[in-house]
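One-letter residues, chain by chain:
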Amino acid sequence: MAERLTTVLVTGATDGLGRVVAGDLAKRGMSVLVHGRDRARADAVAEEIGAAGVHLADFSSLAEVRALAEELPALGVLVNNAGLISPERVVTGDGLELTFQVNHLAPFLLTLGLLERSAPRRVVHVASAGQARPDFGDLMLEHGYEPWRAYRQSKLAQIMFSFELAARRPDVESVALHPATFMDTKMVRATVGNPHSTVREGADATVRLAADLDLDVQGRYFNGLREAEPDPIAHDRDARKRLWDVSEQLVA
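So, here is what we can say about the structure in this document. Note that the structure is predicted; figures quoted are calculated from it, not measured.

### Details of the pattern of salt bridges
Where charged atoms of side chains with opposite charge meet at close range, the side chains can pair.
Working step 1: Here the structure, examined in full by the defined rule, presents 13 salt bridges.
Working step 2: Residues joined by salt bridges that share partners form a network here, namely E164, R168, R237 and R240.

### Here's the deal with the sheet that holds strand β4 (residues 77–80)
Working step 1: Strand order across the open sheet formed by eight strands is β3-β2-β1-β4-β5-β6-β7-β8, with mixed pairing between neighbours. Every other strand in the sheet has two partners, leaving β3 (53–56) and β8 (226–227) as the edge strands with one partner each.
Working step 2: Strand direction decides the pairing type here: strand β1 (residues 7–10) and strand β2 (residues 31–36), joined by four bridges, are parallel. Within β2, the residue paired with L9 across the bridge is L33.
Working step 3: Strands in contact with helix α3 (residues 39–49) are β2 and β3; relative to β3, the strand with the most contacts, it is inclined by about 160 degrees.

### Brief notes about the nonpolar core
Working step 1: If you look at the biggest cluster of nonpolar residues, it comprises 45 residues, and the most contacted ones within it are F59, L72, L110 and I159.
Working step 2: If you list the elements that add at least two residues to this core, you get α4 (62–71), α5 (98–117), α6 (147–168) and α9 (237–251).
Working step 3: Per-element accounting of this core gives the leading share, 11 residues, to α5.
Working step 4: Those residues within four positions of L110 in sequence are excluded, and the remaining contacts are L9, T11, F59, V65, L68, A69, L72, L78 and N80.
Working step 5: Of all hydrophobic cores here, the second largest spans 31 residues; its members include V21, V34, V79 and V124.

### Overview of the pairing of β2
Consecutive residues of a regular strand have side chains that alternate between opposite faces of the sheet.
Working step 1: Counting buried residues in β2 gives five out of six residues, a clear majority hidden from the surface.
Working step 2: For the crossover from β1 across helix α2 (residues 16–27) to β2, the handedness is right-handed.
Working step 3: Across four bridges, the pairing between β2 and β3 is parallel. Bridge assignment links V34 to a residue of β3, and that residue is V54.
Working step 4: At this point the chain moves from β2, through α3, to the parallel β3, and the crossover so formed is right-handed.

### A word on α9
Working step 1: For α9, built from 15 residues, the straight-helix expectation of 21 Å at 1.5 Å per residue is met to within 8% by its first-to-last C-alpha distance of 21 Å.
Working step 2: The complete set of buried residues in α9 reads A239, R240, L243, W244, S247 and V251. End-on, the buried residues of α9 take up no more than an arc of 135 degrees, which puts them together on one face. In α9, the exposed positions angled more than 90 degrees off the buried face are occupied by D238 and Q249.
Working step 3: The elements touched by buried residues of α9 are α4, α5 and α6.
Working step 4: Its side-chain oxygen 3.0 Å from the backbone nitrogen of D238, D236 forms the N-cap of α9.

About the thresholds
- Residues numbered from 1 in each chain as written.
- Predicted model: local features only at pLDDT ≥ 70, side-chain atom pairs only at ≥ 80, totals over all residues.
- Heavy atoms only, no water.
- Salt bridge = Lys/Arg side-chain N within 4 Å of Asp/Glu carboxyl O.
- Pairing = 2+ DSSP bridges.
- Helix = DSSP H or I, 4+ residues; strand = E, 2+ residues; numbered from the N terminus.
- Contact = heavy atoms within 4.5 Å.
- Axes fitted to C-alpha atoms, helices over the stretch in contact; angles between N-to-C directions.
- Core = buried A, V, L, I, M, F, W, Y, C linked by side-chain atoms within 4.5 Å.
- Buried < 20%, exposed > 50% of the residue type's maximum accessible area, 1.4 Å probe, protein only.
- Right-handed = clockwise from strand over helix to strand, strands pointing away.
- Expected span 1.5 Å × (residues − 1).
- Arc of directions from axis to C-beta.
- Polar contact = N/O pair within 3.5 Å; in protein donor to acceptor, adjacent residues only side chain to side chain.

Following this line, the structure appears as structure tokens:
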């Protein structure tokens, strides 16, 4: 049991925030599993930080996400960090809008897949302070796609999922956070330009939630190191249930 509690999967661990978080958790003595899409990059990070293993999956493919959930060992902590901003509307092979699939539906499917086998002690959802309410009439944003709208919708969906997971599964500690604003990452430099904060700031906030298992995090949302309030819809149980039900249908 002690070994399981110290085993952590960090998704999107080959670059940016995920890479630093994975390295920090390894330094703390946790058994870190690196997730990425590219074998060479994932292996390089794993060797650099002394990770316990590498697991590959492209989150734009739900089949690969299902396979990832099935191959993973029992986890103590899952850090749902992988994410993107797509400058144009892209439809995946699953027929879904790319941003919503990668940022929300893939971690939703991965988490539920793990719950069916051996529930993690804690799930950390790396979300954002940039939030837009899901448009249930057009979740795939077929009408008037805008990159930041897509990103913000997917990130609020993550927070709503985190809160609903905490309500449905009190045995699983579910927490969401905005790590830091416009960190110095490749994604931010490509979409925003000059960063507003460091990756170190975001990593410190994320690692705290992933590593301090004595911290009371259940059903909470943090902005950096401080507890904060997301968009009020995250507290709307009917809206959360609707999102959960639609998400299940989309990944089925």
